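Residue strings, one per chain:
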Amino acid sequence: MAFTPTKETYAGKVYAVTIGTGDRAVTFGGENVLPFHSFEGTTPNRPLIAFEIQDVPPSDWPENAQKAFEGVSDDPVKWAKYCQDELKARAIALRLVGTHPDRENRSPEDAVKTVKDVLAAVSIPVIILGSNHAEKDTSILVAVAEAAKDRNCIIGKAQEANYKTIAAAAMANNHKLIAMSELDINLSKQLNILITQMGFDKERVITDPMCSALGYGLEYTYSVMERIRLAALTQNDVTMQQPLLGDVGMYVWKVKETTASEADLPQWGSAEERGIAWEAETATALLISGAELLIMRHPKAVAAVEKIIEELI
Amino acid sequence: MLIIGEKLSIIAKRVREAMMKKDKGPIQEIATRQWKEGSGMIDANIGPAEDGGEDLMQWMVTTIQEVVPLPICLDTTNASALEAGLKVHNNEWGRPLINSTSNDPERFPILELAAKYNSQVIGLTVGKGGLPADAEERAGIAAEIMARAMEYGVPLEDIYLDPLVLQIATSQDHAVKVIEAIKMFQEMNDPPMKTVVGLSNISNGCPKHVRPILNKYYFLMLMNAGLTSAIADAHEMAEALNEKKLLDDVLAGKEIDDAAKMKEIKKTLDVIMGNTLYAHSYLEM
Amino acid sequence: MALSGVEIFKLLPKTNCKKCGHPTCLAFAMKLAQRQASLDSCPDVSEEAKKILGEASAPPVRPITFGAGDKAVKMGEETVLFRHDKKFVNPCAFAIEVKDTLSEAEVSGLCEQVVSSEIDRVGQKLRIDSIMITNASGDAAKLEAAAKIVAAKAPAVPVIINTENPQAAEAAIKLFADKRPVLYGANASNAEAMAAIAKNNKAILGVVANGLEELSALTEKVKGLGVEDMVIDSGARKAKDIIEHNTLIRRAAVKKNFKPLGYPVINFMQREDSLHEMLLAGVGITKYASIIVLSSIEKWKNLVLFTLRQNIYTDPQVPMQVEQKIYNIGEPKPESPFLITTNFSLTYFIVSGEIENSKVPCRLAVMDCEGLSVLTAWAAGKFTASKIAQFITESGIEKEIATKELILPGYVAILSGSIEDKLPGWKVTVGPREANALPAFLKTRTA
């Protein structure tokens, strides 16, 4: 029996999305095959990893993640420049977590100032995220979308409860938009439909099916992403062809495996390496299931994921 | 096709309140309407009914049979409530149907009741811990339920196999697996096994205007696969039967006059058969 | 192609004799169709039926048991390309490579690490499953010496002997003859000798070729030599090639029932950079490897790999369950809100996530409902007033909280009165139906 490889030709492809401006603009997505299946189609762009920074010092991050940004994380501008210049980041994700009513409750004006300062300091593309407070995010993201006008950022996250205002602001100021739903492929499709029914260009949306950390529901995110990719490629479903986001750092750096010390749990080994490994493996699994854009925290985890990407493409 | 009128469920607010107050009015009104619109049996779903389930089931059976000359499908996980209901059931109007036994050991004793009261019984093809992955697993469980029924002395002719319809909004791939299971179940005995579905669960969680559309065409697809009975809204099913020719024409690749209707049928079939991913707005795409 | 249960049933004796352990021939046929039973269990099946069924019911990826006893590993039996289609069946085995160039102390040390690698995670015992002894020295005596140490120090651990030299292979494999080892290293030039050794020692033969075409020809040849149990290596070492080859192998087996590649896959993942090795192993876990060979097994790395394997091999139809207990979210005080939900892990992750979002410290009672979500558990009679009341009473939570108030998921509002009846002195408050309304709900309460 002679072997003939069963190669698939897919009907659909993932939209390519470009963010940022000038020669630091970056494109991701655009492939017409399952992740890293370059043997049967084309993957024109490498997945993009954005370094996560925030508007307030990362006092809520575990020590091992904080340590990596010692001396810069007290100021978002310093932090952003450090990522761009020292860590050679291709993009950063600025999370305005300080705007959350239960945190510093920073105002839209405060957020606008931070965004303007960061944008003035770096030339790489910037992803601007709210605090995931559906109501507060509407006022914050509307204000910062305008402040970042024409820098071709990604604004997020639009959810079922607030997508209208946020999508309108992203549209008016020429940004891309993250549409997030909670681990439900059908609701993810529905949100993409609702956003495009507003007149928002479907090729300017990034889908966030919601991340989960290794050991804490990763298999749900993994399978939702895999199913979204299959719908995009095999069924040519135009509502599911947006690049996928894995918002990894935030979900990883709060679980026990990244926070517990080696003294408390000697059978789990070195806490620092464990945390880095946890973030890198979560990210890699999501790349294999379909993510084109990752938001991550630890520089060593990012470096490790870049290295495996190099071997995968 | 036996329609088991479905509207008397504790999940519906109006019915629940009537059950709590033992107010016969709404119960009898709904039962009568289901009967007039073509039901051959009435489903009385009282939920797990931990407290006072016996009284409640007896009250439901007698209340319904006071005004409607039909047998009752007794729907609860509470075995003693079932037994109480069976005791007062008026068999002149047909034999009752128990909803349900399954492959969960907790539900085995239900078969004893079926044998003791000469009742028919639904065999839900699920086990303990986890849903069946596909049609083959459903058929595997069905075979075990059938074997157990024989042990308990319940004739296979009295078993209605239920493949468990899941919500299309969250478990779309099961829509087609249930259709396959209905075909398999019939082949498992000669004469063919009877089958039943809890139909409207297919559209549970879908927008209100989409629900009857999914219910109707899913019902017709199951009917084409050989389904013998459905727990469903008799009014909706009567409408479905009126549209059967349209659906069969679309399936045969024929054009139908009403272009909007044709689109609706095609899109719904694509969602049921898993050719397009379901979204609440699928009809607008 | 595979036969349906009813088609198989028609070929069985239809005596319902129960000798196979199934209640009827029909039930047995259905299990055969799902490849969850073996035709050998039927003593009365005709030779003709055996012939038809044997061919039709052979699984696309050959089931093979590697090792013997408690630590034996099942491989193969996979039927799908994507876990959501049904499930991945047999979790891949991790093997640590032990080179025969290492000192006796080093070999012993690695054996001890393997033996003590077991950890418990969500009720499963996870460990490094196997040791590969590699003939890096090229010296048959050294391989045998290293194998002897492994046999003594890690006697129950399944072993892979890695050599292309039949003489070396023979001496080492003999030490594990009754333990179903893998003999890895059969290629086009030594296949006859290696096949003979595998047969004599009841070993699984690891065959290696350069690419899938050569590999298919080689497994056919080995099968012709009388060896049925193989693990296969296409020679892929780079991540990109591993995905390509493993995918094409699984596709050929599952979609085309192509027998020459219908065997478990062994992948070599050893790298200098341990973190990189771990990520590469992650590629193997997600993409169809049955044996993953590693060069080092640090504790943090084991934990990551065990967890990923567990996640990927979770049966998507069986909801992952969270342990039944009362979880503290934030640092609850006696007067903090007290909520209840079921132990479906997704429900738990989302509810606890929303509570975290709210920044309101809470206690969350997670009740064992066999992993069903709230409404399903209620309908199935698992999340009922008396069961909830019993759980709350037995938990002893009363002593820790200031007000006896329980917040119930909105979907089971119907239970509130009945729970109050069964929990004297308690107040039951109906919370929101959906978790995403929890932050607003919790905040209005504390305001």
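Note that the structure is a prediction, hence the values are computed from the model and not measured.

About the thresholds
- Residues numbered from 1 in each chain as written.
- Chains lettered and ligands numbered in written order.
- Predicted model: local features only at pLDDT ≥ 70, side-chain atom pairs only at ≥ 80, totals over all residues.
- Helix = DSSP H or I, 4+ residues; strand = E, 2+ residues; numbered from the N terminus.
- Buried ≥ 20, exposed ≤ 12 C-beta atoms within 10 Å, placed from the backbone.
- Rg over C-alpha atoms; globule rule 2.2 N^0.38 Å.
- Contact = placed C-beta atoms within 7 Å.
- Domains from an automatic or database assignment.
- pLDDT = per-residue confidence, 0-100.
- Nonpolar A, V, L, I, M, F, W, Y, C, P; charged D, E, K, R; others polar.
- Pairing = 2+ DSSP bridges.
- Axes fitted to C-alpha atoms, helices over the stretch in contact; angles between N-to-C directions.
- Expected span 1.5 Å × (residues − 1).
- Left-handed = near helix turned anticlockwise from the far one by under 90°.
- Core = buried A, V, L, I, M, F, W, Y, C linked by C-beta atoms within 7 Å.
- Right-handed = clockwise from strand over helix to strand, strands pointing away.

**Some remarks on the overall build of chain C**
Next up, step 1: Within chain C one finds 16 helices and 17 strands.
Next up, step 2: Projected onto its principal axes, the C-alpha coordinates of chain C cover approximately 80 × 60 × 35 Å.
Next up, step 3: Among the 447 residues that make up chain C, the fraction classed as buried is 51%.

**Digging into the overall build of chain A**
Next up, step 1: In terms of regular secondary structure, chain A is built from 11 helices and 10 strands.
Next up, step 2: Over its C-alpha trace chain A gives a radius of gyration of 19 Å, about what one expects of a compact globule, namely 20 Å for 313 residues.
Next up, step 3: Dimensions of chain A along its principal axes, counting C-alpha atoms only, are 65 × 55 × 35 Å.
Next up, step 4: Burial analysis of chain A (313 residues in total) assigns 60% to the buried set.
Next up, step 5: In chain A, the proportion of contacts linking residues at least 24 apart, taken out of those at least 6 apart, comes to 68%.

**What about the domain arrangement of chain C?**
Next up, step 1: Under the domain assignment, chain C is made up of domain 1 (5-57), domain 2 (64-312) and domain 3 (325-446).
Next up, step 2: On a C-alpha basis, the centroid separation for the pair domain 1 of chain C and domain 3 of chain C is 48 Å.

**Points about the confidence of the model for chain C**
Should pLDDT be low for a region, the predicted coordinates there are not to be read in detail.
Next up, step 1: Taken as a whole, chain C shows an average pLDDT of 93; of its residues, 99% reach a score of 70 or greater.
Next up, step 2: Quick note on the complex model: pTM equals 0.92, ipTM equals 0.97.

**Some thoughts on the interface of chain A and chain C**
Next up, step 1: Listed per partner, the contact involves 43 residues of chain A and 50 residues of chain C.
Next up, step 2: For the side of chain A that touches chain C, the secondary structure elements donating two or more residues are α7 (218-234), α10 (271-289) and α11 (299-312) of chain A.
Next up, step 3: When residues in the side of chain A that touches chain C are grouped by element, the largest group, 9 residues, is from α10 of chain A.
Next up, step 4: Its residues placed into classes, the side of chain A that touches chain C shows 20 nonpolar, 12 polar and 11 charged.

**Points about the interface of chain B and chain A**
Next up, step 1: Facing the 10 residues of chain B at the interface are 9 residues of chain A.
Next up, step 2: Its residues assigned to classes, the side of chain B that touches chain A comprises 5 nonpolar, 5 polar and no charged.

**Comments concerning helix α2 (residues 25-33) of chain C**
Next up, step 1: Most of α2 of chain C is tucked away: 9 of the 9 residues are buried.
Next up, step 2: Two residues or fewer past α2 of chain C, Arg35 of chain C is found with a positive phi of approximately 60°.

**Structural notes on the sheet that holds strand β7 (residues 159-162) of chain C**
All names here are of chain C.
Next up, step 1: The parallel open sheet is built from 8 strands, whose spatial order is β10-β9-β8-β7-β6-β3-β12-β11. Strands at the two margins of the open sheet, each flanked by one partner only, are β10 (230-233) and β11 (266-268). Strand-to-strand twist in this sheet, taken as the mean axis angle between neighbours without regard to direction, amounts to 25°.
Next up, step 2: Pairing analysis gives 4 bridges linking strand β3 (residues 93-99) to strand β12 (residues 291-294), with the strands arranged parallel. Across the sheet, the residue bridging to Ile96 is Leu294, located in β12.
Next up, step 3: Sheet contacts for helix α5 (residues 140-153): β3, β6 (130-134) and β7; angle to β6, the most-contacted strand, approximately 160°.

**Some details on the environment of Lys174 of chain C**
Next up, step 1: Along the chain, the position of Lys174 of chain C falls in the loop between α6 (166-173) and β8 (182-186).
Next up, step 2: By the C-beta count within 10 Å, which is 15 here, Lys174 of chain C ends up partly exposed.

**So, α11 of chain A**
Next up, step 1: The terminal C-alpha atoms of α11 of chain A, which comprises 14 residues, lie 20 Å apart, in line with the 20 Å expected from a rise of 1.5 Å per residue.
Next up, step 2: Contact partners of the buried residues in α11 of chain A: β3 (48-54), α10 and β10 (291-296) of chain A together with α9 (239-256) and α10 (274-286) of chain C.

**Examining the packing of helix α4 (residues 104-115) of chain C against α5 of chain C**
Residues and elements named next belong to chain C.
Next up, step 1: Contact geometry for α4 and α5: axes closest at 9 Å, N-to-C directions at 35°. Handedness of the crossing formed by α4 with α5: right-handed. Seen from α4, the contacting residues are Glu104, Val107, Ser108, Cys111 and Glu112; seen from α5, they are Ala146, Ile149, Val150 and Lys153.
Next up, step 2: Residue classes in the contact of α4 with α5 are distributed as 5 nonpolar, 1 polar and 3 charged.

**Describing unusual backbone geometry**
Residues and elements named next belong to chain B.
Next up, step 1: Of the consecutive residues Asn99 and Ser100, the connecting peptide bond is found in the cis state with omega at 15°.
Next up, step 2: Within the secondary structure layout, Ser100 lies in strand β4 (residues 97-102).
Next up, step 3: Of note, the amide linkage connecting Asp190 to Pro191 takes the cis form, showing an omega dihedral of 5°.
Next up, step 4: Inspection of the secondary structure assignment puts Pro191 in the loop between α7 (173-187) and β7 (194-198).

**Points about the sheet that holds β7 of chain B**
Residue and element names in this part refer to chain B.
Next up, step 1: Strands sit in the order β1-β2-β3-β4-β5-β6-β7-β8 around a closed barrel of 8 strands; the barrel is parallel. The sheet shows a mean angle of 30° between the axes of neighbouring strands, direction not considered.
Next up, step 2: Against the sheet, helix α5 (residues 109-116) makes contact with β4 and β5 (120-124), and its axis sits at roughly 150° relative to β4, the strand it touches most.

**Comments concerning the nonpolar core**
Next up, step 1: In this structure, Ile92 of chain A together with Ile131 and Leu205 of chain C are the most contacted members of the largest nonpolar core, which totals 353 residues.
Next up, step 2: Sort the elements by how many residues they give to this core and α7 of chain A lands first, with 10 residues.
Next up, step 3: Aside from chain neighbours lying at most four places away, what touches Ile131 of chain C is Ala95, Ile96, Val98, Cys111, Val114, Val150, Ala154, Val157 and Val159 of chain C.

**Focus on the packing of helix α3 (residues 108-121) of chain A against helix α4 (residues 134-147) of chain A**
Residues and elements named next belong to chain A.
Next up, step 1: Look at α3 against α4: their axes get within 9 Å of each other, and the N-to-C directions meet at 35°. As α3 packs across α4, the resulting crossing turns out to be right-handed. Contacts from Pro108, Ala111, Val112, Val115 and Lys116 in α3 reach Ser139, Ile140, Ala143, Val144 and Ala147 in α4.

**Some words on the environment of Gly217 of chain A**
Next up, step 1: Note on placement: Gly217 of chain A falls in the loop between β8 (205-208) and α7.
Next up, step 2: The class for Gly217 of chain A is buried, based on 23 C-beta atoms found within 10 Å.
Next up, step 3: When neighbours within four sequence positions are excluded, Gly217 of chain A is seen to be in contact with Ser212 of chain A together with Ser345, Leu346 and Phe349 of chain C.

**Description of the environment of Phe36 of chain A**
Next up, step 1: Inspection of the secondary structure assignment puts Phe36 of chain A in the loop between β2 (26-29) and β3.
Next up, step 2: When the C-alpha positions of Phe36 of chain A and Gly249 of chain A are compared, they lie 23 Å apart, and in sequence the two are 213 residues distant.
Next up, step 3: If we skip the residues at most four places from it in the chain, Phe36 of chain A touches Ile288, Leu312 and Ile313 of chain A together with Lys240 and Ile243 of chain C.

**Digging into the pairing of β4 of chain B**
Residues and elements named next belong to chain B.
Next up, step 1: For β4, the tally of buried residues reaches 6 of 6 residues, placing the bulk of the element in the interior.
Next up, step 2: When strand β3 (residues 72-76) meets β4, the two strands line up parallel, connected through 3 bridges. What sits directly across from Leu74, in β4, is Ile98.
Next up, step 3: In this region the chain leaves β3, passes through helix α4 (residues 79-88) and returns to the parallel neighbour β4; the handedness of that crossover is right-handed.
Next up, step 4: Across 5 bridges, the pairing between β4 and β5 is parallel. The residue of β5 that forms the bridge with Asn99 is Ile122.
Next up, step 5: A crossover connection joins β4 to the parallel β5 through α5; in handedness this β-α-β unit is right-handed.

**Brief notes about the pairing of strand β9 (residues 204-208) of chain C**
Residues and elements named next belong to chain C.
Next up, step 1: Within β9, 5 of the 5 residues are buried, which leaves the element mostly enclosed by the surrounding structure.
Next up, step 2: Across the two faces of β9 the burial is the same, with Ile204, Gly206 and Val208 and Leu205 and Val207 all buried.
Next up, step 3: Here 4 bridges tie β8 to β9, and the two strands are oriented parallel to one another. Residue pairing in the sheet places Leu183 in a bridge with Leu205 of β9.
Next up, step 4: Read as a crossover between parallel neighbours, the route from β8 over helix α7 (residues 191-200) to β9 is right-handed.
Next up, step 5: Both β9 and β10 contribute to a ladder of 4 bridges, which runs parallel. Across the sheet, the residue bridging to Leu205 is Met230, located in β10.
Next up, step 6: Following the chain from β9 across helix α8 (residues 212-224) to the adjacent parallel β10, one finds a crossover that is right-handed.

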